[in-house]
Amino acid sequence: MDLIRRIEGNILILTPDSDRIDAASAIHLKDQFREAVDESQGRVIMDLSGVNFMDSSGLGAMVSALKLLKGRKLELAGLTPVVAKVFKLTRMDQVFIIHTDLNTALTADGANAA
């Protein structure tokens, strides 16, 4: 799995190129996330609108990614119903800033969840 990187202003947008974040892809996600944020100081938004499945390894990768930001927030956008359920059941929806879609995330100030 690769993370597609895009920059808009001072916002780094990362989009997984796979519809699954699971044990097989979690390590790659963490490595690519680390590489991407090493070059960024602004907001970081992960667009998950194309992800239809996430298991506990994928969730663990997201938590690891958050820790790599060293105090900055990792904003998530476009969670599909299955992925949103994983975040809600584990109460991780209280830890991450979650936006309904990427456009909403881009127009937000980085502190408000939709």
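What counts and what doesn't
Residues numbered from 1 in each chain as written. Predicted model: local features only at pLDDT ≥ 70, side-chain atom pairs only at ≥ 80, totals over all residues. Heavy atoms only, no water. Axes fitted to C-alpha atoms, helices over the stretch in contact; angles between N-to-C directions. Helix = DSSP H or I, 4+ residues; strand = E, 2+ residues; numbered from the N terminus. Parallel < 35°, antiparallel > 145°, perpendicular 65-115°, else oblique. Left-handed = near helix turned anticlockwise from the far one by under 90°. Contact = heavy atoms within 4.5 Å. Nonpolar A, V, L, I, M, F, W, Y, C, P; charged D, E, K, R; others polar. pLDDT = per-residue confidence, 0-100. Buried < 20%, exposed > 50% of the residue type's maximum accessible area, 1.4 Å probe, protein only. Arc of directions from axis to C-beta. Salt bridge = Lys/Arg side-chain N within 4 Å of Asp/Glu carboxyl O. Pairing = 2+ DSSP bridges.

Chemist: Looking at this model, I keep getting lost on the packing of helix α1 (residues 23-37) against helix α2 (residues 56-68). Mind explaining?
Modeler: For any two helices packed against each other, the geometry is given by the interaxial angle and the distance between the axes. Contact pair α1 / α2: the axes reach a minimum separation of 8 Å and the direction vectors enclose 15 degrees. Between α1 and α2, the crossing angle belongs to the class labelled roughly parallel. Between α1 and α2 lies a crossing whose hand is right-handed. Every residue of α2 that contacts α1 at A23, A26, L29, K30, F33 and R34 is listed here: S57, G58, A61, M62, S64, A65 and L68. Of the residues contributing to the contact of α1 with α2, the split by class is eight nonpolar, three polar and two charged.

Chemist: When you look at the confidence of the model for the protein in this model, what are you seeing that I'm missing?
Modeler: Regions with low pLDDT should not have their predicted coordinates read in detail. In the predicted model, the protein carries a mean pLDDT of 92, and the fraction of residues at 70 or more is 96%. Looking over the protein, one finds the lowest element-wise mean pLDDT in α1, namely 93, and the highest in strand β5 (residues 53-54), namely 97.

Chemist: Would you take a moment to explain helix α3 (residues 81-89) for this structure?
Modeler: A turn of α-helix holds 3.6 residues, and therefore any two residues three or four places apart point the same way. Within the sequence span of α3, burial applies to V83, V86 and F87. In a view along the axis of α3, the buried residues occupy a sector of 95 degrees, so they form one face of it. In this structure, α3 carries P81, K85, K88 and L89 as exposed residues pointing more than 90 degrees from its buried face. Against the buried residues of α3 lie β5, α2, β6 (74-77) and β7 (97-99).

Chemist: Whenever I open this one, the pattern of salt bridges confuses me. Can you help?
Modeler: As a working rule, side chains carrying opposite charge can pair if their charged atoms are close by. Under the counting rule described, the total for this entry stands at five salt bridges. Here D31 ties to R34 by a salt bridge, and the two come within 3.2 Å at their closest N and O atoms. A residue pair is termed a helical-turn pair when its members lie 3 or 4 positions apart in one helix, as D31 and R34 do in helix α1 at three residues. Measuring nitrogen to oxygen at the nearest pair gives 2.8 Å for the salt bridge that ties E75 to R43. Here E75 is found in strand β6, whereas its partner R43 is found in strand β4 (residues 43-47), with 32 residues between them in sequence.

Chemist: Just checking my understanding: could you explain the pairing of β4 for this structure?
Modeler: Note on strand geometry: in a regular strand, side chains alternate between the two faces of the sheet. Of all the five residues making up β4, five are buried; the element is thus mostly covered by neighbouring parts of the structure. Covered by surrounding structure in β4 are R43, I45 and D47 together with V44 and M46, the residues of both alternating faces. Pairing analysis gives four bridges linking β4 to β6, with the strands arranged parallel. Pairing of M46 across the sheet is with L76, part of β6.

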